[in-house]
Amino acid sequence: MKFQGTQNYVATPDLMLSVNAAITLKRPLLVKGEPGTGKTMLAEEVAQALNMPLLQWHIKSTTKAQQGLYEYDAVSRLRDSQLATVDGGERVKDINNYIVKGVLWQAFIADEPVALLIDEIDKADIEFPNDLLREIDRMEFYCYETRQLIKAKNRPLVFITSNNEKELPDAFLRRCFFHYIKFPDAITMKSIVDVHFPNLKQELLTAAMKTFYDVRNLPGLKKKPSTSELLDWLKLLLAEDISLEALQTQDDKVAVPPLVGALLKNEQDVTLFEKLVFMQKHNR
């Protein structure tokens, strides 16, 4: 069982090597990188390529590790106990009716191996990764309400993504295989664009790529445009039928591109870029 890329996802050789290393070691693959570099999509494409069901757990700032295991719905049980005359209280007597299985429980009891995505783990509280150490390492956990030890029938293929907003504990990192998705160079980026826009004219692509990297390489940007934003911008250029001339400048200097709001997402960066263009025009 090896991942060799897909038609919809341009995976570099080192990324494919990391995925296959995690499979061989039977360890979670921790994927870091800038937002918009395809970390989440990687799990989706690997699952599809290996013909595995994909379970997804999207982490928020309020997410607790326990929610990935299970939650006991005591409120519903109390309500049902007050209405016990309806069915004689049979439902209330079985606590299993009030255990809400989380994605880890679902992955553990699946009859076939599944892929499990824990997305943006760095959004959660700092203790969140530590609370999952034993479960991810030993592939088991204990449900105190039902007095069950839940063991994984098949070890899931675990993907964990992070945008590097918080540092992860060393003990957690030790249990993972790590890969950092570097921002694509021009050749790799062209391959990515070709997947999404196979009929894009070469001249327009060359001009758009030059403009994109000019914007991205501007020093002092608060948020550099990502791969996903380039794809959005190209989609808009085609939808609005923007001409090639609108992307080119006679003196080969940086100019404010059309629909720049697809690339720059805050007013400080737009102002900074406009100042650079103004200074170039006036040779200052």
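Predicted model, so just to flag it, every value in this text is computed and none were measured.

S.K.: Please explain the side chain of Arg 175 as it appears in this structure.
M.R.: Following the sequence through the fold, Arg 175 ends up in the loop between helix H9 (170–173) and strand E9 (177–181). Within polar-contact distance, the side chain of Arg 175 engages the backbone oxygen of Ala 171 at 2.8 Å. Sequence-distant contacts of Arg 175, that is, excluding residues within four places in its chain, are made with Arg 27, Pro 28, Leu 133 and Asp 137.

S.K.: Would you explain a nonpolar patch on the surface in this entry?
M.R.: Side chains of Tyr 142, Tyr 144 and Leu 149 sit close together on the surface and give an oily, nonpolar patch of about 340 Å² of accessible area. In this structure, Leu 149 sits in strand E7 (residues 148–151).

S.K.: Sorry, what's going on with unusual backbone geometry here?
M.R.: In most cases, non-glycine residues show a negative phi, while peptide bonds are predominantly trans. We note that Met 139 has phi near 55°; this positive angle belongs to a residue other than glycine. With respect to the secondary-structure elements, Met 139 resides in the loop between helix H8 (133–138) and strand E6 (140–143). Residue classification places Met 139 among the buried positions, given a relative accessible area of 7%. Unlike most non-glycine residues, Leu 259 shows phi in positive territory, near 55°. Along the chain, Leu 259 falls in the loop between helix H12 (227–239) and helix H13 (267–281). The partly exposed category is assigned to Leu 259, whose relative accessible area is 34%.

S.K.: Is there a simple way to explain the pattern of salt bridges in this structure?
M.R.: Pairing between side chains of opposite charge can happen when the charged atoms of each approach one another. Inspection of the entire model under this criterion finds 11 salt bridges. For Asp 80, the salt bridge is made with Arg 91, and the minimal N-O distance between the two is 3.2 Å. Placement of Asp 80 in helix H4 (residues 74–82) and of Arg 91 in helix H5 (residues 90–93) is noted, with a sequence separation of 11 residues between them. As a salt-bridge pair, Asp 214 and Lys 210 come within 2.8 Å of each other at their nearest N and O atoms. In this pair, Asp 214 and Lys 210 are both assigned in helix H11 (residues 202–216), four residues apart and thus about one turn of the helix distant. Since its relative accessible area comes to 27%, Asp 214 is described here as partly exposed.

S.K.: Is there a simple way to explain the sheet that holds E9 in this structure?
M.R.: Pairing between sheet strands relies on hydrogen bonds along the backbone, with the strands arranged either parallel or antiparallel. Pairing is parallel in the open sheet, where five strands are placed in the order E2-E5-E8-E1-E9. Each edge of the open sheet is held by one strand with a lone partner, namely strand E2 (54–58) and E9. In this sheet, adjacent strand axes meet at a mean angle of 20° when their direction is disregarded. As judged from the five bridges shared by E2 and strand E5 (residues 115–119), these two strands associate in the parallel manner. Residue pairing in the sheet places Leu 54 in a bridge with Ala 115 of E5. Here helix H1 (residues 13–25) sits on the sheet and contacts strand E1 (29–33), strand E8 (157–162) and E9; the angle it forms with E9, its principal contact strand, is near 165°. Along the sheet, helix H2 (residues 39–49) contacts E1, E2, E5, E8 and E9; its crossing angle with E8, the most-contacted strand, is approximately 165°.

S.K.: Looking at this model, I keep getting lost on the nonpolar core. Mind explaining?
M.R.: Generally speaking, nonpolar side chains in soluble globular proteins are found buried as a group. In terms of nonpolar packing, the biggest core is built from 32 residues, with Trp 57, Ile 118, Phe 128, Ile 160 and Phe 172 touching the most fellow members. Counting only elements with at least two residues in this core, the list comes to E2, helix H3 (65–69), helix H6 (103–109), E5, H8, E6 and E8. What Ile 118 contacts, discounting residues up to four positions off in sequence, is Trp 57, Ile 59, Ile 136, Val 158, Phe 159, Ile 160 and Thr 161. Listed in part, the 21 residues of the second largest apolar core include Leu 42, Val 46, Leu 157 and Ile 181.

Here is what the cut-offs are and how they apply
- Residues numbered from 1 in each chain as written.
- Predicted model: local features only at pLDDT ≥ 70, side-chain atom pairs only at ≥ 80, totals over all residues.
- Heavy atoms only, no water.
- Helix = DSSP H or I, 4+ residues; strand = E, 2+ residues; numbered from the N terminus.
- Polar contact = N/O pair within 3.5 Å; in protein donor to acceptor, adjacent residues only side chain to side chain.
- Contact = heavy atoms within 4.5 Å.
- Patch = residues over 30% accessible without salt bridge, like charges linked within 9 Å, V, L, I, M, F, W, Y side chains within 5 Å.
- Areas by Shrake-Rupley, 256 points an atom, 1.4 Å probe, with all protein chains shown as cover.
- Salt bridge = Lys/Arg side-chain N within 4 Å of Asp/Glu carboxyl O.
- Buried < 20%, exposed > 50% of the residue type's maximum accessible area, 1.4 Å probe, protein only.
- Pairing = 2+ DSSP bridges.
- Axes fitted to C-alpha atoms, helices over the stretch in contact; angles between N-to-C directions.
- Core = buried A, V, L, I, M, F, W, Y, C linked by side-chain atoms within 4.5 Å.

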